[in-house]
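# Understanding the architecture of this molecule
These are the residues of each chain, in order.
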Amino acid sequence: MTAAILDVRALTKRFGGLNALSGVDLTVNSGEIVSVIGPNGAGKTTFFNIISGMFHPDQGEILFRGDDIAGMTPDQVTKLGVARTFQNVRLFPNMTVLENVMVAQHCRTRQGMLSALLRSPGFLREEAEIEDRAREVLSFFGTRLAGYRHDQPAFVLSYANRRRLEIARAMATQPELLLLDEPTAGMNPRETRELTELIGELRDERGFTIVVIEHDMRVVRDVSDRVAVLDHGIKIAEGSYDEVSSDDGVIEAYLGRPAATGEAAS
Amino acid sequence: MTAVTTPVGSARRGVLGDVTARSMLRRGAIGGLTVVFIAAIGMFETFDARKVIDPIVSLGYASIVWVPIMFGYLVSKRQELEGIEAPPPGASNVVSGGAVGAIVGFIVGLFLLIADAVHLRDIFLNISPEMRETLGFGQEPLMGAMLLVLAGAALGALGGTLHLLPERLRGPLRSALVALVLFNFAELVIGNILRELGAGAVDRLIYRPSRGLSMPAAAIVAVGAFLAKILMSGRVRAARDKVVGQSESAKRRTALIGGVLLVAIGALMPSLFGTYLNEILSNVGLFILLGLGLNVVVGYAGLLDLGYVAFFAVGAYTTAVVTSPLSPSFSPELAFFEALPWVLGMAAVAGLVIGTPVIRMRGDYLAIVTLGFGEIARIALQSDWLANLFGAAQGIIRISPLGPGQGAGIRVSYGYVLAAVGIVLLVIGFLRWRDSQRDVAPLDGVPSYTARSSLLLMGAGALAAVLGMLFPTFLTWTINGIDPPAMFRIVLVFAVLAGFVTWRLQESRVGRAWVAVREDEQIAQAMGINIVTTKLLAFVIGAMLASFGGALFAVKLGTIFPHSFQIIQSIIILVIVIVGGMGSLRGVAIGAVVLIGVLGGPTQPGLLREFAEFKLLLYGVILIWMMLQRPEGLWPSARRARELHAEETLQDVWLKDVDGEAEEVKP
């Protein structure tokens, strides 16, 4: 397991009497695309929230490149190289598209107030670099977020574009691990296909390791190297898409127990 | 009155058109009560002493006459809807306006009769017999009431008639009115400048001793503005379009030139003004400085701080303690500029001490807690517990004396100024030199410096610093605290510095982080921004700017008491920021000029001395009106304007997208 970039061990989180996650293990290797699927309320987003530092786990370890990041604040986690998007898109609505991506580079830049006041060469160079990198990241989405859109406030964007901008913003934090929470939710089939390809490119061209929560099974099939299935906070299956999709436990979690005999499925 | 309840858009149109009796009654009642209110609180009578156009219109009448005219105009004003043809204006506008005016007059007349029959003065001190006489045109109450109805009807009809005027006349008419108002507001300014220029005779021609415009002057101003509007309107629009259509960099240059020009005018102004105006100016400058600081906290970082006055107090008291020979226990008797590092340090400490516990709260909770801290600061200063440091209610006197037996003041040694500039140059030179030593590819838009020029700059800086230190007093400027022109100039220097600092910070990664925190704190944190340090930084910078304000305030008065740091100060500064436009430097300046300059500060006089008693009322009215009509402020930042006009922005973007899509398809 030398290539494991993320190693989650026995992660447990309770909200009052609800076991949102109980003893979840997951290992993600560098350069992998892993999908996390499961019915609504299975604990997928909680899983992301804990990894990204927004919640702290009750028990368990989260090793990111060997460091335990459980209990760190979100900004520390992001600085270490984990970036995420949100299920219910959360941009900075009144900042422009470009500013949204520029501000995400905060933890990768370091010019202080004095150099900002004096406009030192280092400051000017860094500002230029921030802007260049922002434009470069946005160009990943082709013409979708190009040209005049850079100066539009984020709130005017279409739903699909907001999702794209969120991914761009996460990319701009220069992470190694990218957590995508339902990236294709609310997109039409054409947009979904386009994004499916882009997720592949994110790994192949940009070298990100990706964990993705997804409900669209075609997307899951097309992008994932491995699939983990959560149900009621417990990991019930893990393996390739084909293995998981024919697993009885998974089918039961999604569709319920067959009425008479136990052999109705597949 | 017959109830005509023709629905909007119906073909049936009586003499009242589609104006319902209900809406007439409502507007009439609101208008009537407004006039009664203005009369009952004494505004009418106080303002009556000042004329607007001598001798025919007094400010008192002006303060009520607008009511029937406006409501008469509004009652038949239709909302303009795109694609729906508005019916042409006609007699119905005049009749409904007149009816509304008559209702206004009727209510005021009723008030007059009631005030005559019942003794109201025990409660409403301002309902004096004189006021009633003036209001009733000097007639018997019943006669006066009837005249009021007639006058109201006439004025209301006049308001309704405005609809009949074509737009090309209405615009110039409006500017004539605005010009008259402005000339009245600016009576002190114009008169002062004319007198200083040795043209007192011209001043006496324009303004009568009652401070109103003389008849010929009023006629010239009104006709001049009327004609100017007709002749110039096309050109003004063309010029504005030209500025709006500029590229970003050109816009920036225009703004910079405008700013430099404004500061230059600001620096020249004190010489043209007398003491009173300079006093107003220095107050405006002080509040600009305070507003800029609060703007960082509220406008940029979105932290609603209602206890901002605490930092102002910290600045003032630190200055007092370290400069006054009479400060109760600890008294190093420093000069003003030696005190500044103390002030800055104490402000930073105060910012951290108050900021750290409250930084985790959001929105309303933050506002309430900071409100509490503001009061705690004042009460602590007032308490006997700290009396041997701050003098409790007696305050601290003899702040920053210029010498034994002399008043408060600031002595600027240009040697030290030179040294400070030298050090800044030295630092810039060093940073450039370090950059030149680095082996990096040149980037677009980033100047690259040679080691030689950087070292030269460092040398010049070092030379300036050494020379300044060696001959600190080769030139000095003594500012007496009670000398308003000099005070204004030094306040202007500090305000410009504050503006510069906040502008540069706003355009850096720190500024972006502030905006992100304001937009969505949780997400900002998830995007790698340390929200605790980011928010604390905003707090501390705001505190430092406020403390500068406090230091200047202390020197200006020479004496300070806890009483000067009431909660109302925090509120007024906040109102300046809101009215001007949150997050906008120019907005803060405009807000301070309009509120502090024209109306006056909480304890400071403004241009309109008659308004002094009603200042807070007018603050409230302005704030409410702004929130309804222009929530983004007088001169907002682009971001803020977009945010509060999301619908219009969306529409614009949609139109642009249609074009954009078309472009995308072409290749």
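Residues numbered from 1 in each chain as written. Chains lettered and ligands numbered in written order. Predicted model: local features only at pLDDT ≥ 70, side-chain atom pairs only at ≥ 80, totals over all residues.

## Structural notes on the overall build of chain B
- Assigned secondary structure in chain B consists of 27 helices and five strands.
- If one aligns the C-alpha atoms of chain B with their principal axes, the spans along those axes are about 85 × 80 × 55 Å.
- Taking the intrachain contacts of chain B between residues at least 6 apart in sequence as the baseline, contacts between residues at least 24 apart amount to 76%. (Helix = DSSP H or I, 4+ residues; strand = E, 2+ residues; numbered from the N terminus. Contact = placed C-beta atoms within 7 Å.)

## Looking at the overall build of chain A
- Scanning chain A for helices and strands turns up 10 helices and 10 strands.
- Over its C-alpha atoms chain A spans a radius of gyration of 20 Å, differing by no more than 12% from the 18 Å that the globule rule assigns to 266 residues.
- When its C-alpha atoms are laid out on the principal axes, chain A stretches across 75 × 40 × 35 Å.
- Pairs at least 24 apart in sequence give 65% of the contacts found in chain A among residues at least 6 apart. (Rg over C-alpha atoms; globule rule 2.2 N^0.38 Å.)

## Points about unusual backbone geometry
- Located in the positive-phi region is A:Arg119, a residue other than glycine, with phi close to 50 degrees.
- Looking at where A:Arg119 falls in the secondary structure, it is placed in the loop between α4 (113-118) and α5 (121-139).
- On the basis of neighbour count, A:Arg119 is assigned to the partly exposed category, with 16 C-beta atoms found within 10 Å.
- Its identity is not glycine, yet B:Glu333 carries a phi of approximately 50 degrees, on the positive side.
- Locating B:Glu333 in the fold gives a position in the loop between α13 (309-323) and α14 (336-358). (Buried ≥ 20, exposed ≤ 12 C-beta atoms within 10 Å, placed from the backbone.)

## Considerations on the pairing of strand β4 (residues 59-64) of chain A
All names here are of chain A.
- The pairing of strand β1 (residues 4-15) with β4 spans five bridges and is antiparallel. Opposite Asp 7, over in β4, you have Leu 63 as the bridge partner.
- Note that β4 and strand β5 (residues 67-68) share two bridges and pair antiparallel. Across the sheet, Phe 64 pairs through a bridge with Asp 67, a residue of β5.
- Between β4 and the antiparallel strand that follows it, β5, lie two residues; Arg 65 among them carries a positive phi value of about 50 degrees. (Pairing = 2+ DSSP bridges.)

## Focus: the environment of B:Leu294
All names here are of chain B.
- On the secondary structure map, Leu 294 appears in helix α12 (residues 275-300).
- Sequence separation between Leu 294 and Leu 574 is 280 residues; the distance between their C-alpha atoms is 7.2 Å.
- Discounting chain neighbours no more than four positions away, the residues touching Leu 294 are Asp 305, Tyr 308, Gly 542, Ile 573, Leu 574 and Val 577.

## Observations concerning the domain arrangement of chain B
Residue and element names in this part refer to chain B.
- Per the domain assignment, the segments making up chain B are domain 1 (21-239) and domain 2 (248-408 + 481-636).
- One C-alpha centre belongs to domain 1, the other to domain 2, and the line joining them spans 36 Å.
- Tallying the contact residues gives 11 residues for domain 1 and 10 residues for domain 2.
- Secondary-structure elements contributing two or more residues to the side of domain 1 that touches domain 2 are α2 (43-48) and α8 (187-196).
- Considering each element in turn, the side of domain 1 that touches domain 2 owes the most residues, five residues, to α8.
- Looking at the side of domain 1 that touches domain 2, its residues break down into seven nonpolar, two polar and two charged. (Domains from an automatic or database assignment. Nonpolar A, V, L, I, M, F, W, Y, C, P; charged D, E, K, R; others polar.)

## Some words on the packing of helix α3 (residues 59-75) of chain B against helix α4 (residues 91-117) of chain B
All names here are of chain B.
- Where α3 contacts α4, the two axes come as close as 8 Å, and the packing angle between them is 140 degrees. Our classification of the angle between α3 and α4 gives oblique. α3 and α4 meet at a crossing whose hand is right-handed. Seen from α3, the contacting residues are Val 67, Pro 68, Phe 71, Gly 72, Tyr 73 and Val 75; seen from α4, they are Ser 96, Gly 97, Gly 98, Val 100, Gly 101, Val 104 and Gly 105.
- The residue makeup of the contact of α3 with α4, split by class, is seven nonpolar, six polar and no charged. (Axes fitted to C-alpha atoms, helices over the stretch in contact; angles between N-to-C directions. Parallel < 35°, antiparallel > 145°, perpendicular 65-115°, else oblique. Left-handed = near helix turned anticlockwise from the far one by under 90°.)

## Notes on the sheet that holds strand β2 (residues 57-58) of chain B
All names here are of chain B.
- Read across the open sheet, the three strands follow the order β2-β1-β3; overall the sheet is mixed. Two strands bound the open sheet, and with one partner strand each, they are β2 and β3 (213-214).
- Note: strand β1 (residues 51-54) against β2, two bridges, orientation antiparallel. Residue Ile 53 lies in a different strand from β2, and its bridge partner there is Val 57.

## Observations regarding the packing of helix α1 (residues 21-40) of chain B against α4(B)
Residue and element names in this part refer to chain B.
- Remark: α1 packs on α4, axes separated minimally by 8 Å, with the N-to-C direction vectors making an angle of 40 degrees. Accordingly, the angle class assigned to the pair α1 and α4 is oblique. At the point where α1 passes α4, the crossing takes the right-handed sense. Contacts between α1 and α4 involve Met 24, Leu 25, Arg 27, Gly 28, Ala 29, Gly 31, Gly 32, Leu 33, Val 35 and Val 36 from the first element and Ser 96, Ala 99, Val 100, Ile 103, Val 104, Phe 106, Ile 107, Val 108 and Phe 111 from the second.

## Side note on the interface of chain A and chain B
- Taken together, the contacts link 40 residues of chain A with 39 residues of chain B.
- Taken together, the residues of the side of chain A that touches chain B sort by class into 20 nonpolar, 13 polar and seven charged.

## With respect to the pairing of strand β7 (residues 177-181) of chain A
Residue and element names in this part refer to chain A.
- Summarising burial for β7: five of the five residues are buried, a large majority.
- Burial along β7 is two-sided: Leu 177, Leu 179 and Asp 181 and Leu 178 and Leu 180, pointing in opposite directions, are all buried.
- Taken together, the three bridges between strand β6 (residues 82-84) and β7 define a ladder with parallel strand orientation. Paired with Val 82 across the strands is Leu 177, a residue of β7.

## Considerations on the nonpolar core
Residues and elements named next belong to chain B.
- Judged by nonpolar contacts, the single largest core of 183 residues is most densely connected at Leu 289, Ala 310, Ala 313, Ala 516, Ala 538 and Ala 592.
- For this core, the leading source of residues is helix α22 (residues 531-557), giving 16 residues.
- Setting aside anything within four residues of it in sequence, one finds Ala 592 in contact with Val 284, Phe 287, Ile 288, Gly 291, Ile 576 and Gly 597. (Core = buried A, V, L, I, M, F, W, Y, C linked by C-beta atoms within 7 Å.)

## A closer look at the confidence of the model for chain B
Residue and element names in this part refer to chain B.
- Per-residue confidence for chain B averages 87 on the pLDDT scale, and 95% of its residues sit at or above 70.
- A low-confidence stretch, residues 1-12 stays under pLDDT 50, and its non-local contacts, those more than four residues away or across chains, total 12 contacts.
- Here residues 662-667 is modelled with pLDDT under 50, and outside its nearest four sequence neighbours on either side it reaches one contact, counting other chains as well.
- Two summary scores accompany this predicted model of the complex, namely pTM at 0.89 and ipTM at 0.92. (pLDDT = per-residue confidence, 0-100.)

## Some words on the sheet that holds β7(A)
All names here are of chain A.
- In space, the six strands of this open sheet follow the order β6-β7-β8-β3-β9-β10, with mixed pairing throughout. Each end of this open sheet is capped by a strand with a single partner; those strands are β6 and β10 (234-239). The average undirected angle you get between the axes of adjacent strands in this sheet is 20 degrees.
- Pairing geometry for strand β9 (residues 226-231) and β10, over five bridges, is antiparallel. In the strand pairing of β10, Asp 231 is matched with Ile 234.
- Most of the contacts of helix α7 (residues 189-204) go to strand β8 (residues 209-213), to which it runs at about 155 degrees, and overall it touches β3 (33-37), β7 and β8.

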